[in-house]
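Geometric and topological summary
Below, each chain spelled out in residue letters.
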Amino acid sequence: MFISDSIKYIGVNDHKIDLFEGQYVVPNGMAYNSYVIVDDKVAVFDTVDRNYSHEWLDNLKKALGGRTPDYLIVSHMEPDHSANIAAFANLYPHTVIVASAKAFSMMQNFFGTDFADRRITVGEGDSLSLGKHVLNFHTAPMVHWPEVVMTYESTEKVLFSADAFGKFGALDADEDWACEARRYYFGIVGKYGAQVASVLKKLSALEVAVICPLHGPVLNENLSYYLNLYSIWSSYGVETEGIFIAYTSVYGNTKKAVDALAEKLKEKGCPKVSVTDLARDDMAEAVEDAFRYGKIVLATTTYNADIFPFMRTFIEHLTERNFSNRTVALIENGSWAPQAAKVMKEMLSSGKNIKFADNTVHIRSALNEESRNQIDALADELCTEYIAQRGDSANKNDLKALFNIGYGLYVVTSNDGERDNGLIVNTVTQLTSSPNRVAVAINKDNYSHHIIRQTGIMNVNCLSTEAPFSVFQNYGFRSGRNEDKFEGIAEMRSDNGLRFLPQYINSFMSLKVEQYIDMGTHGLFVCSVTEARVISKVETMTYTYYQNNVKPKPETEGKKGFVCKVCGYVYEGDELPEDFVCPLCKHGAADFEPVK
């Protein structure tokens, strides 16, 4: 694998392993990655699993070309990466080991020495020069061990990311990155979403061209795709629109109910229905899907006055990984004293922002007319927004959509003739009801203002309280003039041909501009309503809710400088340059205030 003339790959593939960490099935093996930077000084990044010591040392010797390593950088102390530290130290007695303080404590535990006579302890913000290459260290505690350090090489803009951005599978396996990276993330790192989000925020100020993880391929193209997935995963957001059904069935009757529900969901427009038999399918795959989709149906039998063991294990896997921000529906089966729905609900009740469906399916041994009607009602409830999104089934004159207008936050969508665009606004007002007139204020500096002045049409998407911060980053922190804000987002269009958001909205309105009023810095568009759809019953995202619950709290403790009021980025220094532009949200110095 070629990275650059100076940065070389020396890792190994493991096709002998059957279970990673003793529990995850890895049919395509694993890669243990290690790297070398050859400069005035030579730095080796991590070792590999003990079963591949000789192969790794052979790779290292070849890459060194007769040189001797000056430093061994230890990113992470799990044995699949650290097992050969002692062997390396014996082979290269003059090499200095570079790691965090916690890592050296772990070395004492693993090897009986903390290398006190030949070590450099690094922490956040420390750096080490190799010559042309400069290593900058960033702590990443609990991603997913406490000692983890990531390294950013600033000359070639390479991030050595430890286990982050890793995946199952050897490097010679031909498989989709996202599938195995998702299973890896939620199985191993999923509990620590807040810590991952913190590291992502820290690294967002860096210009990264290449990501070198400790597992899986080196990433050097379309990095925004991988970063966006990690942003969704770490915030427990919805990656794929659809419904996941996980079930157990003893004699087949619960399975019949699941099959019936799955068919109903597809008929009503659910874009994806994924079904898993927890007794037969891979549990890690089931956990992955539970975090992938926004809605999950759990179906099981009452068993020993509890629930079937596979379902209990599955729910425990979810709760220990902070399962949150999901809609959960329940199907229970019980011949004489059904308890399954109650038990499942209690197990999940501690999760953050877990919404339970109003309809529950109750089966007494086998399906009957009553339980089939309950399946129909549940399918209708779960598919409310899918029915509203489909042009052939939606109520396009549902003026209750106007009830969702308030002092909230909205995404205004438009099209310049070549590309779809989206913009965050907070000023949308219903002016009259007969005829229906809506006013939208847009800053003249925004590209959307220019587009709408030319086209005379727009869609106003009413954001719901389910919208994560990534929505505001996408539509509010970038310019649609030079970036595609809808890249990778499922395409849905209203009758006027414009996009509407496939998720995170409770309604949208298609507007036609009837009058334009110049307000100085802003333009006020007075519009008629040509289409209005209610997508869901989730509450509208107000500005206050955004400030209190969605916008990340700036990490200002112990810092002196200025904080961005829009995204929370902290500029450290006594004076903020007048021409300073926030590297995260691209807002100027006027939107900064002193750290308090």
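Let me sum up the structure you'll find in this document. As a convention, each chain's residues are numbered from 1 in the sequence order in which they are written. Local features in this predicted model are restricted to residues of pLDDT 70 or higher, and side-chain atom pairs are both shown and tallied only at a pLDDT of 80 or more, whereas totals for entire chains, interfaces and linings draw on every residue. Hydrogens are left out, water is left out, and the side-chain values use all remaining heavy atoms of the structure.

1. Examining the overall build of the protein chain
Rules: Secondary structure elements follow DSSP: runs of H or I of four or more residues count as helices, runs of E of two or more count as strands, with numbering from the N terminus. In this treatment the radius of gyration is a C-alpha quantity, and the globule benchmark scales as 2.2 Å times the residue count to the 0.38 power. Any two residues having at least one pair of non-hydrogen atoms within 4.5 Å are treated as being in contact. Charge counting follows a simple rule: Lys and Arg are positive, Asp and Glu are negative, and His as well as the terminal groups are ignored. For this purpose, a charge sits on NZ of Lys, CZ of Arg, CG of Asp or CD of Glu.
Counting its regular elements, the protein chain contains 16 helices and 32 strands. For 596 residues, the compact-globule estimate of 2.2 N^0.38 gives 25 Å, and the protein chain sits close to it at 27 Å. Dimensions of the protein chain, computed from the C-alpha atoms along their principal axes, are close to 85 × 70 × 40 Å. Restricting the contact set of the protein chain to residue pairs at least 6 apart, pairs at least 24 apart contribute 68%. Separation between the mean location of the 58 positive side-chain charges and that of the 76 negative ones in the protein chain comes to 4 Å.

2. Some remarks on the packing of helix H5 (residues 177-189) against helix H9 (residues 283-292)
Put simply, the rule reads: Only the stretch in contact is used when fitting a helix axis, every axis being a line fitted to C-alpha atoms; angles between N-to-C directions are given from 0 to 180 degrees. In these notes the angle categories are as follows: under 35 degrees is roughly parallel, over 145 is roughly antiparallel, 65 to 115 is roughly perpendicular, and the rest is oblique. Note on residue classes: Ala, Val, Leu, Ile, Met, Phe, Trp, Tyr, Cys and Pro are nonpolar, Asp, Glu, Lys and Arg are charged, and everything else, Gly too, is polar.
Where H5 meets H9, the axes come as close as 9 Å, and the angle between the chain directions of the two elements is 95°. Relative to H9, the element H5 is oriented roughly perpendicular. Contact residues: H5 offers Cys179, Glu180, Arg182, Arg183 and Phe186, while H9 offers Ala284, Glu285, Val287, Glu288, Phe291 and Arg292. Looking at the contact of H5 with H9, its residues break down into 5 nonpolar, no polar and 6 charged.

3. Some remarks on the side chain of glutamate 78
Just so we agree on the cut-off: When accessible area is computed with a 1.4 Å probe and restricted to protein chains, residues below 20% of their type maximum are described as buried, those above 50% as exposed, and intermediate ones as partly exposed. Salt bridge criterion: a side-chain nitrogen from Lys or Arg within 4 Å of a carboxyl oxygen from Asp or Glu. Polar contacts here mean pairs of N or O atoms no more than 3.5 Å apart (in protein, one a potential hydrogen donor and the other a potential acceptor; neighbouring residues in sequence count only if both atoms are side-chain atoms).
With respect to the element layout, glutamate 78 can be found in the loop between strand E8 (71-73) and helix H2 (79-82). Buried charge without a salt bridge: glutamate 78, with arginine 321 as the nearest opposite-charge side chain at an N-O distance of 12 Å. A polar contact is formed between the side chain of glutamate 78 and the side chain of histidine 144, at a distance of 2.9 Å. Apart from the residues within four sequence positions on either side, glutamate 78 is in contact with Glu21, His144, Trp145, Glu147 and Asp163.

4. Side note on the nonpolar core
Which entries qualify depends on this criterion: Take the buried residues of types Ala, Val, Leu, Ile, Met, Phe, Trp, Tyr and Cys, join any two whose side-chain atoms come within 4.5 Å, and each joined set is a nonpolar core.
Counting residues in hydrophobic clusters, the biggest one holds 92 residues, and the most contacted among them are Leu60, Met107, Leu298 and Phe314. Take this core: its biggest share by element is 8 residues, from H5. Excluding its chain neighbours within four sequence positions, the residues that come into contact with methionine 107 are Val74, Met77, Ile85, Ile97, Ala99, Gly112, Thr113 and Phe115. Ranked by size, the runner-up nonpolar core spans 33 residues in total, among them Leu409, Val471, Tyr571 and Cys582.

5. Quick notes on the sheet that holds strand E13 (residues 149-153)
As a reminder of what qualifies: Whether two strands pair depends on DSSP finding at least two bridges between them.
An order of E11-E12-E13-E14-E15 is seen for the 5 strands of this open sheet, with the pairing classed as mixed. Of all the strands in the sheet, the pair left with one neighbour each is strand E11 (127-129) and strand E15 (210-212). Taking the axes of each pair of neighbouring strands and ignoring which way they run, one obtains an average angle of 20° across the sheet. Where E13 meets strand E14 (residues 158-160), 3 bridges bridge the pair, whose relative direction is antiparallel. Across the sheet, threonine 151 pairs through a bridge with phenylalanine 160, a residue of E14. Across the sheet, helix H6 (residues 193-203) touches strand E12 (134-139), E13 and E14, and the angle it forms with E12 is around 150°.

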